[in-house]
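Given next are the chains, with one letter for each unit.
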Amino acid sequence: MKKLLSGILALCLSLTLLTACDRGGQPGKTVTAGGLTFAKSYSEVYSALTDAQKAIAERNTLLNTGADSSEPNGAGAAGEGSEGTFYSGTNVQVEGVDEGDIVKTDGKYIYILRGSEMIVMQADGKDVTDVSNVFVGQDWEQTTTEDGLAHTQEKLPTELYLSGSRAVVVSAYSDWTDTGSADDTVTGFGQNYVAVDIYDVTDPTAPALVKSFGQDGYKIASRMIDGVLYLCSSYYPANPEKGDETTFAPRLYDGDAATVVPCGSIGLMPDGNSMTYAVAASYDIASGERLSSQSVLGGGDNVYMNKDNLYLCASIYDDGAGKTYKDGSYTVTDYTSSVNTVVNRFAIADGKLTFAANGAVPGALNNQFSLDERDGYLRMATTEQTYSYSVYRDEKHDFENTKADEDGMQTRNDVYVLDASLKTVGSVTGLAEGEQVFSARFDGDYGYLCTYRQTDPIFAVDLTEPTNPKVVGELKLSGYSDYLHVWSDGLLFGLGMETQSVGANTTVDGMKLVMIDTSDPAKLHDLHTQAIDADYSEALNNHKAILVDSGKDIIAFPAENSYLVYGYSADDGFTLRKEISVSQWDGNNRGLYIGDYFYVVGSDQINVLDLNTLENVAQAIIPRG
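The following refers to the structure shown. Numbering of residues starts from 1 in every chain and runs along the sequence as written. Thresholds applied to this predicted model are a pLDDT of at least 70 for local features of residues and 80 or more for the giving and counting of side-chain atom pairs; totals over whole chains, interfaces and linings are not thresholded and use all residues. Each side-chain value is derived from all of the structure's non-hydrogen atoms; neither hydrogens nor water enter the calculation.

**Focus: the packing of aromatic side chains**
Our working rule: Side-chain rings of Phe, Tyr and Trp, where Trp is taken by its six-membered ring, are said to pair if the distance between their centres is within 6.5 Å; with planes under 30 degrees apart they count as stacked, over 60 as edge-to-face, and otherwise as tilted. Helix numbering and strand numbering both begin at the N terminus, where a helix is a DSSP run of H or I of at least 4 residues and a strand a DSSP run of E of at least 2. Categorising residues by exposure relies on relative accessible area from a 1.4 Å probe, with only protein chains included: less than 20% of the type maximum marks a residue as buried, more than 50% marks it as exposed, and the intermediate range marks it as partly exposed. A ring is scored as having a charge over it whenever the NZ atom of a lysine or the CZ atom of an arginine sits within 6 Å of its centre and within 35 degrees of its normal.
This model, assessed by the stated rule, comprises 18 aromatic pairs. Note on Phe-438 and Tyr-452: the rings are 5.5 Å apart at their centroids and 55° apart in plane angle, and the pair reads as tilted. Here Phe-438, found in strand S29 (residues 436-443), pairs with Tyr-452, found in strand S30 (residues 446-452); they are 14 residues apart in sequence, far enough to count as distant. The exposure class of Phe-438 is buried, given its relative accessible area of 1%. In textbook terms, an aromatic cluster arises when at least three aromatic residues are bridged by ring pairs, as seen for Trp-487, Phe-493, Tyr-568 and Phe-574. The cationic tip of Lys-323 hangs over the ring face of Tyr-325; the distance from NZ or CZ to the ring centre is 5.4 Å. Sitting over the face of the ring of Tyr-593, Lys-552 holds its NZ or CZ atom 5.2 Å from the ring centroid.

Right, dumping it as C-alpha cells:
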C-alpha cells in the first residue's frame, strides 16, 4: 500500500535558474528576469545554502523533531534490425524517448546487466549463445592506503542503453575513506555520484570502454533521445565550507577529472529551505561529449520528458502559520502543512538543455505518468494533502507541545493544465476526497486517473479545451490499478491489486488485470477482470518490467516465482497463454521478442518460446563471470 506523504514539513518557495558565469563570479549586481533570479558568484550560492540550513534548524526547533526528514543523512519501444527483423523495446512512457533498463536488445544481441556484469548473448532464433561477459561495475573492496586509512569503493550498475554501436551503463558510484576515531565512531569523507560509462560494442564479443562521465548525487531519472543521454541526479552537500565551492556545489566528472558546475548554472530559491540540488546533464553518446548541464537548488523527484522538453519536478512543503491566541497559560499557534509541486521546464535543442520556465501547482505527483505534454500544454495530476496542527507554548515554564488536528490528513485530487510559461490556465479540483492518485495515464485529449481508499474510481477528464478541463466519466471498481496502459483505441488496461472490504477494514486479495472501455469516456465501463494468484510483481512499481503489445497479443510480466504471458480478446477477456517458472522474487526477469521468437530473460537463464504459439523451444544458461 502506498504511503501518504508526510505532513509536518516547512515552507519552500518556487525554484529559480541561473545563467553561466566563470569560477570566480562576474562583477555586477544580481539581476532578475521574469521573476527569476540570476546569481553572479559562488558566494551567493553559499549564502542560499546557509539560509536554507538556518531555516531547517528553526523549523526543527519549532516542531521538536530534531532532524529534517526531507533531506538525506549521508553525503552527498520497438525497433527494426539491420536485416529488417522486428524486435521489442523497453516499455516507455513517450514514443521515441527511451528509458534505461537492465535488459536491452538491438534485434540480434541481448544485453543483460546482472550485478557488476554486462553479459552479451547472441539471439539467432532458438539458438542463444553467450559472446561476452564484461565487468562494468565494482563490488565492495576495502584496501589500506599509504597513510593507513581504510578506503572503500562500490560501483553498482543500475540501467543500460543501446545507441548504434555503443552501450551505455549508468551506475551508482560511492567512494569512502574512513578516518577512524578513538571511540569507534564511523568518521571520514567521501563522495557519491552517478557514473556514465560508454562502451564500444561494434564487436559484441569484446566490448571496450571508450569514455566515462559522472555527476554528483543519486540518480533521479534518465532518458535517451536520438543518441543523447539525459541524466538527472539529486545531490546533498553534507559539509559545506565557505570559500570552497567543491564542498557545496555539484561536480561533474570527465574520467578522473572533476569540475564544479558553473555558479551561473545553479538555480536558487528566493527564500528556500532545502539543501538538495537537482543536477541535469546531457551526453552525446557517439562523440563521447557532455553537451550541457544545469542545476537547481531545491531538488527534484520526478521527471517527464518528450522530444522538446524535460520537466523536472520537486515536492515542496508549505508549513504556513495561522492565527495565534491564548488558551489558559498557553500561547497557541495554528499551522497548516501542505505539499505543492514545483516544475522547471528545460527546452531541448541539439541535445542541449536550456532553462525555459518555472511554475507550481498544489499537490504532489504519484510518478512520471502523472505528467503529460500535448500541443504545448503540460497536464498534471496531483494529490493535495493538508495536515493541520497546533503548537502550544508555555512561556513561563519554557515548555512547548504539538497537537494534531482531530481530522488528521485531508486529501483530494486535482488535474491542472499549464501553458508553455508554466502558468496554470485550467484545472479540475477536489476529486475523490479522502483518496489519493494511485495511477494516471494521458491519452490524447483525455486523462484517466485511478484513485483509491476502499474502491477504485477511474475518472475520465476531457482536456480538449486546455482552459476548461472537465470530468466527463467515472467508474468504480474494487481494488486499485498501479499501472495503466492504452491497449488500443477505446481500451485501457490496468494492472493492480484486488481488495475486499469487511466493515471498516480493507484487505488486499491478490493481483488483478482489468480492461476498461474508454470508447465513450462519459460512459466508462469495465469489460473484463482477471484475478491472479500472486501478491507481488515488480511491474506494479516499475513499468519497464511489463511488456504490453496488442499487435502481438501479449501482456507479459513477472509475478512472484512465475513469468506470466496473457492475451486479450473482446470475446474471451484475459487468457493465460503461458506460465514460466523462474527464480522466486527475481527482479531481473524481462520479456522481449526478436522476429518469431519470444525470450524470457532472468538472472540465470533465458527461456526461448515460439512467438506465435508460446511453446518452449529452447533454454540457454547465462554464464557467470
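**Re unusual backbone geometry**
Residue Asp-398 is not a glycine yet carries a positive backbone phi of 50°. By the element assignment, Asp-398 lies in the loop between strand S26 (377-394) and strand S27 (399-418).

**Things to note about the sheet that holds strand S19 (residues 277-284)**
Sheet strands pair via backbone hydrogen bonds, and the direction of the pair is either parallel or antiparallel. Rule in force here: Any two strands with at least two DSSP-identified bridges between them are counted as paired.
As summarised here, the arrangement of the five strands in space is S14-S15-S19-S20-S18, forming an open sheet in which the pairing is mixed. Here the strands that pair on one side only, and so sit at the sheet edges, are strand S14 (218-225) and strand S18 (266-267).

**Re the environment of Phe-493**
To keep things clear, this is the line we draw: The contact criterion used is simple: two residues touch if any of their non-hydrogen atoms lie within 4.5 Å.
Its place among the elements puts Phe-493 in strand S34 (residues 491-502). For the pair Phe-493 and Asp-517, spaced 24 residues apart in the sequence, the C-alpha separation amounts to 9.1 Å. Phe-493 has contacts with Tyr-483, Leu-484, His-485, Trp-487, Leu-513, Val-514, Met-515, Ile-546, Val-548, Ile-555 and Phe-574, leaving out every residue within four places of it along the chain.

**Quick notes on the pattern of salt bridges**
Rules: A carboxyl oxygen of Asp or Glu within 4 Å of a side-chain nitrogen of Lys or Arg is what we treat as a salt bridge.
For the coordinates displayed, the defined rule picks out 16 salt bridges. Close ionic contact of Asp-197 with Lys-155 constitutes a salt bridge, the shortest N to O distance being 2.6 Å. Placement of the pair is Asp-197 in strand S12 (residues 188-200) and Lys-155 in strand S10 (residues 150-163), with a sequence separation of 42 residues. Exposure class is identical for Asp-197 and Lys-155. Each is buried.

**Observations regarding the sheet that holds strand S7 (residues 117-124)**
For clarity, the threshold we go by: Note on geometry: axes are lines fitted to C-alpha atoms, helical ones only across the stretch in contact, with angles between N-to-C directions running from 0 to 180 degrees.
Sheet architecture is open: four strands sit in the order S5-S6-S7-S8, paired in antiparallel fashion. Single-partner strands in this sheet number two, and they are strand S5 (103-105) and strand S8 (127-135). In this sheet, adjacent strand axes meet at a mean angle of 20° when their direction is disregarded. As defined by bridge partners, S7 adjoins S8 across eight bridges and the pair is classed as antiparallel. Bridged to Val-120 within S8 is Ser-132.

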